[in-house]
Amino acid sequence: GGVPPTIDLVLGATAGCLACFLTNPLEVVKTRLQLQGELQPPGTYPRPYRGVLRAAVAVCRADGLRGLQKGLAAGLLYQGLMNGVRFYCYSHAEDAGWTGYPGGTVAAGAVAGAVGAIVGSPAYLVKTHLQAQTLSAMAVGHQHNHENISSAFRSIFQQHGVVGLWRGVTGAVPRVAVGSAVQLATFASAKDWVCERQWFRKGSWAAVLAGGMVSGVAVAVTMTPFDVISTRLYNQPVDADGTGKLYRGFFDCILQISSKEGLLGLYKGIGAVYLRLGPHTVLSLFFWDKLRNM
């Protein structure tokens, strides 16, 4: 507390972008793993991406070392918009005293995350398209074949209008709401817990990192199914009127994945999700906490 919401907007956006720059390669790997074998029974499709490390090597072979930073500009835009708005809303909730009520931290985190997801959705849509693009021999999921971030926004707008830029937002809102609620609630609780037991001094960088590490585990476990659904909804091909060709919406996506790929299909790429969300959670919350103190 003690930081005006407008300042938190800038600090949250800055923290999210700093974390994104360092963890974007894992986001590329995660996207490819989640699209691999889309709506196909396990064991019936080729797997060009096997595990986090081998998938990273496969990306480098297909797209070069720069391939690991595919969609970085769109990712930075998304993190700046989403986290700026998210921390701004959460800061307002803190100032209003809502986080002091039982369950207030979880509720504030969920609402803040949902609002941030809606604002940042177009950037996440473009980021997913760009990160999925690769050589035909290594391609997984639908290939949208955008040249860059600006051409992607222009193409989507020209074909489907403003509404098309928010396609897939029904998967993004529950994804970020759940992730944000768990992240902010567990971060605050874990940080206070380690300080109460005098393992680390209150306000120290070690206490912040410990809180972030615990939060990262919790976020990865709860968020992965929503993350898979979100990736599928954003990347699916669409008809001329913008209707998805594979999934009719959030719940249809859940049913199709679980029925055709099994329940474990909802946890595709969980290793990459944790390896990406763990450091991203630690870094973004660490940067945010330290920038606030400054």
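Values in this document were obtained by computation on a predicted structure and should not be read as measured data.

Angle between the axes and distance between the axes: these two values describe a pair of packed helices. It is the contact of helix 1 (residues 5-35) with helix 2 (residues 52-63), at a shortest axis distance of 10 Å, that shows an interaxial angle of 95°. With respect to helix 2, the element helix 1 is oriented roughly perpendicular. Contacts between helix 1 and helix 2 involve Leu26, Val28, Val29, Arg32 and Leu33 on the former and, on the latter, Val52, Ala55, Ala56, Val59 and Asp63. In terms of residue class, the contact of helix 1 with helix 2 is built from eight nonpolar, no polar and two charged.

Right, let's talk about the packing of aromatic side chains for a bit. As enumerated under the stated definition, the model contains five aromatic pairs in all. On the numbers, 4.9 Å between centres and 85° between planes, the contact of Trp193 with Trp199 is edge-to-face. Taken together, the aromatic side chains of Tyr78, Tyr124 and Tyr234 make up a single cluster linked through ring pairs. In this structure, Arg86 packs its charged tip against the face of Phe87, placed 4.7 Å from the ring centre. For the cation-ring pair, Lys127 lies above Tyr124, with the distance from its terminal atom to the ring centre recorded as 4.2 Å.

Let us now look at the nonpolar core. Counting 16 residues, the largest nonpolar core has Val29, Leu33 and Tyr49 as its most contacted members. Contributing elements (two or more residues each) for this core: helix 1 and helix 2. Here Leu33 is in contact with Tyr49, Gly51, Ala55, Lys268, Gly269 and Ala272, once residues within four sequence places are set aside.

This part covers the UniProt feature "transmembrane region" (unreviewed entry) in the protein. Following the UniProt record, the feature "transmembrane region" (unreviewed entry) maps to residues 205-226 and 269-288 here. Spanning residues 205-226, this segment combines 100% helix with 0% strand, and its end C-alpha atoms are found 31 Å apart.

With respect to the element layout, Arg232 can be found in helix 7 (residues 205-235). The contact partners of Arg232, leaving out residues within four places of it in the chain, are Gln34, Leu35, Gln36, Glu38, Leu39, Tyr247, Cys253, Ile257, Glu261 and Lys268.

The sites that carry the UniProt feature "repeat: Solcar" (unreviewed entry) are, in the present numbering, residues 3-96, 100-193 and 203-294. Between the end C-alpha atoms of residues 3-96 there is a gap of 13 Å, over a span that is 72% helix and 0% strand. Structurally, residues 100-193 comprises 76% helix and 0% strand, and the distance from its first C-alpha atom to its last is 16 Å.

What follows is about the state of the cysteines. Scanning the model with the defined rule gives zero disulfides in all. Counting only cysteine sulfurs, Cys20 is the nearest neighbor of Cys17, a cysteine outside any disulfide, at a range of 6.7 Å. In this model Cys60 remains outside any disulfide bridge; the closest cysteine sulfur is found in Cys20, 17 Å from its own.

Analysis parameters
Residues numbered from 1 in each chain as written. Predicted model: local features only at pLDDT ≥ 70, side-chain atom pairs only at ≥ 80, totals over all residues. Heavy atoms only, no water. Axes fitted to C-alpha atoms, helices over the stretch in contact; angles between N-to-C directions. Helix = DSSP H or I, 4+ residues; strand = E, 2+ residues; numbered from the N terminus. Parallel < 35°, antiparallel > 145°, perpendicular 65-115°, else oblique. Contact = heavy atoms within 4.5 Å. Nonpolar A, V, L, I, M, F, W, Y, C, P; charged D, E, K, R; others polar. Phe/Tyr/Trp six-rings, centres within 6.5 Å; stacked < 30°, edge-to-face > 60°. Lys NZ or Arg CZ within 6 Å of the ring centre and 35° of its normal. Core = buried A, V, L, I, M, F, W, Y, C linked by side-chain atoms within 4.5 Å. Buried < 20%, exposed > 50% of the residue type's maximum accessible area, 1.4 Å probe, protein only. UniProt positions renumbered as here; feature names shortened; annotations may be inferred. Disulfide = S-S within 2.5 Å.

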